[in-house]
Amino acid sequence: MNFYYSLDTIIMTLQIKSLEAYKTIYQKSVEKPEAFWAEQADTFVWRKKWDKVLDWEFKTPNVKWFVGGKLNITENCLDRHLEERGGKTALIWESNEITGTTQKYTYRELHAAVCQCANALKANGIEKGDRVCFYMPMVPELAIAVLACARIGAIHSVVFAGFSAQALADRIKDAKAKMLICSDYNRRGAKNIPVKQVVDDALTMGCDSVKTVLVHKNTGDSIDMNALDVWWHEAMQGQSTECEATEMDSEDMLFILYTSGSTGKPKGVVHTCGGYMVYTCFSFKNVFQYQEEDVYWCTADIGWITGHSYIVYGPLLAGATTVMFEGVPTYPDAGRFWAICEKHKVNQFYTAPTAIRALMAKGDNWPEQYDLSSIKVLGTVGEPINEEAWKWYEEKIGKGKAPIVDTWWQTETGGVLITPLPGITDTKPTYASYPMPGVQPILVDAEGKEILENEKEGLLCIKFPWPSMLRTTYGDHQRCCHTYFSPFKDKYFTGDGARRDADGRYRIIGRVDDVINVSGHRLGTAEIENAINQHPQVIESAVVGYPHDIKGQGIYAYVIVGEEAKNNTDLEKAIRAVVNTEIGPIAKPDQIQVVSGLPKTRSGKIMRRILRKIAAKDMDKLGDVSTLLNPEIVEEIKKGRG
Ligand code: WT7
């Protein structure tokens, strides 16, 4: 193997240790970003060093990091650790079983498993550049196969296994995936979910690009094996546990991850090899202040970006021990998370506000039953955390000793951009706080003018590239440009509103576009409306988010229905069923209100602002409705809100 750095010359990625260091490093990172990131990138294994650190302009956009560099990210996640920590536990898997089955992989074992899987993928026709779609539960084989793709330069596209057959088919078709990897059944709490059946259904929906379905036997319950299906264990049989990594360009695609936007069709966010590697490792080490002996646990699903960056890539790049959990927070009871923290002596625990709120509602007696003294850092991500939940988390889980890192980032940003650094910068409830080194956030007004004063609210943009930013939206570069780079000149637009306090801390207020955040799951209102409109009795619909105690935001649907629906007592159920089929259970409306019309402007645009206020029962200040095409409808809708 021809590494640019020999293994013993590798220095570790920078870990900031003090407030002074943070300030100095931040300053340097914005004054000389290329020099700063080159130093960080130098701590990785490259087959060939880059010719140029950064090439960029936001107009098209065109962003390239470590231009001309050659590498394979799995050599950095696995091979380079073998000498120093080959026997260290890389992955701890905690199953859904109440008996608490655990599996552990050392770095050496994980390396072997990934290589073996990579060889099996090759034997089944997968080559560099091919897309491989995943529809898997949280089992080690998911992480292994994701890394196996990266090993051979195949592009992974993990689809959260709660999506419907239709949603899965849409994503397979968009990526033209050549292979689909799934399990027979997924375990989720007390239920076994027949996911292979979902895959079979999806494949009847025009997924012609798929040549092989690799099926992992998870529960062993009976399934149909069809013409394209190959059992995982059979595919692995006889495959070598060594596999030379494929040399990749820094800017070759590493993965696609679909996420919702303000139009109906989910977009495939594309991340590339070099920059993503550097930033996820750098951010992991700093945000969680990971130390060599620590055990780190992120409760996310690998179907979302959090799982990609902070269960798989970030921790493994940093040589960490990462916990992966198959189950749910409340099964068999609301003590499950804390039992696992105690069992594995978890040092860094990273979860979502919705889980914190749900567990808080179950009472303090659950965390009180467990020894949580190992916890040093608590993290949250995915949605704004309310002060009550923040304080509960700090007191009942962290016992006032573990700083909370409220990490703000997005599928598109690849890694955490705004966050406190635990023990280094201060924390303030509900504030994501300060930018990471190399990250230059700004607030702008609706015209795109930068808001320079503090204690102001505005639209959150980033004015300079960072290594793990999205490069394109798969198959539609125009859309990437239009969504993120056209709204404001020379800036990346996040879609979030934020406030900056007197000390320069950022507080994320929430989405300002038609995206809602339900239990940390990002959904486009247009996507849900399209689904609802599939119901034959629905004429038109408008979906908005409204405050929900546990989920953060709930889904409120206003629907106009035809005459024939007036006697349909099962209408609500039927609408939810349609959404379930089109997208999946996460998108089912919490509340459905039948209306005779929707408030519209004279140009025919639905006034969502009014609908949002009514759904939130915030009806006093609806603003001027007289300019509407149909102002009278507002009273009717208000009455119907109840
Ligand atoms: C949106 C991105 C990043 C991984 C999980 C979500 C919201 C994310 C926070 C936070 C307030 C947050 C934003 C963002 N969000 N983190 N700490 N505080 N809001 O990734 O599905 O791409 O969603 O989640 O609105 O734009 P995603």
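Higher on the page you've got the structure.
Everything numeric here is computed off the predicted structure, so don't read it as measured data. (Residues numbered from 1 in each chain as written. Predicted model: local features only at pLDDT ≥ 70, side-chain atom pairs only at ≥ 80, totals over all residues. Heavy atoms only, no water.)

### Notes on the sheet that holds strand β17 (residues 321–325)
- One open sheet accounts for seven strands, arranged β5-β4-β17-β16-β18-β19-β20; its pairing is mixed. Only two strands of the sheet have a single neighbouring strand rather than two, namely β5 (102–106) and β20 (404–407). The sheet shows a mean angle of 20° between the axes of neighbouring strands, taken without regard to direction.
- Note that strand β16 (residues 295–298) and β17 share three bridges and pair parallel. If you follow W297 over to β17, its bridge partner there is V323.
- Along the sheet, helix α10 (residues 305–317) makes contact with β4 (89–94), β16, β17, β18 (348–351) and β19 (377–381), crossing β16 at roughly 165°.
- Running over the sheet, helix α14 (residues 387–397) touches β18, β19 and β20 and is turned about 155° from β19. (Pairing = 2+ DSSP bridges. Helix = DSSP H or I, 4+ residues; strand = E, 2+ residues; numbered from the N terminus. Axes fitted to C-alpha atoms, helices over the stretch in contact; angles between N-to-C directions. Contact = heavy atoms within 4.5 Å.)

### Let's talk about the packing of aromatic side chains
- If you walk through the whole model with that rule in mind, you get 41 aromatic pairs.
- Each ring, one from F36 and one from F282, has its centre 5.8 Å from the other, and the planes form 85°; the classification is edge-to-face. Of this pair, F36 sits in helix α2 (residues 33–41) while F282 sits in helix α9 (residues 273–287), and the two are 246 residues apart along the sequence. Of the two residues, F36 and F282, both sit in the buried class.
- Plain terms: the ring middles of W56 and F58 are 4.9 Å apart, the flat faces sit at 70° to each other, and that makes the pair edge-to-face.
- We classify W56 as partly exposed; its relative accessible area is 33%.
- When its relative accessible area of 2% is taken as the criterion, F58 is described as buried.
- Sitting above the plane of the Y431 ring, K428 keeps its charged end 4.3 Å from the centroid. (Phe/Tyr/Trp six-rings, centres within 6.5 Å; stacked < 30°, edge-to-face > 60°. Buried < 20%, exposed > 50% of the residue type's maximum accessible area, 1.4 Å probe, protein only. Lys NZ or Arg CZ within 6 Å of the ring centre and 35° of its normal.)

### Examining the sheet that holds strand β26 (residues 506–511)
- Read from one edge to the other, the open sheet built from five strands follows the order β22-β21-β23-β25-β26, with strand pairing classed as antiparallel. Every interior strand has two partners, whereas the edge strands, β22 (450–451) and β26, have only one.
- Two elements, strand β21 (residues 441–444) and strand β23 (residues 456–462), share four bridges in a ladder whose sense is antiparallel. Pairing of I442 across the sheet is with C461, part of β23.

Remember that the coordinates give geometry; whether it matters functionally is a separate question.
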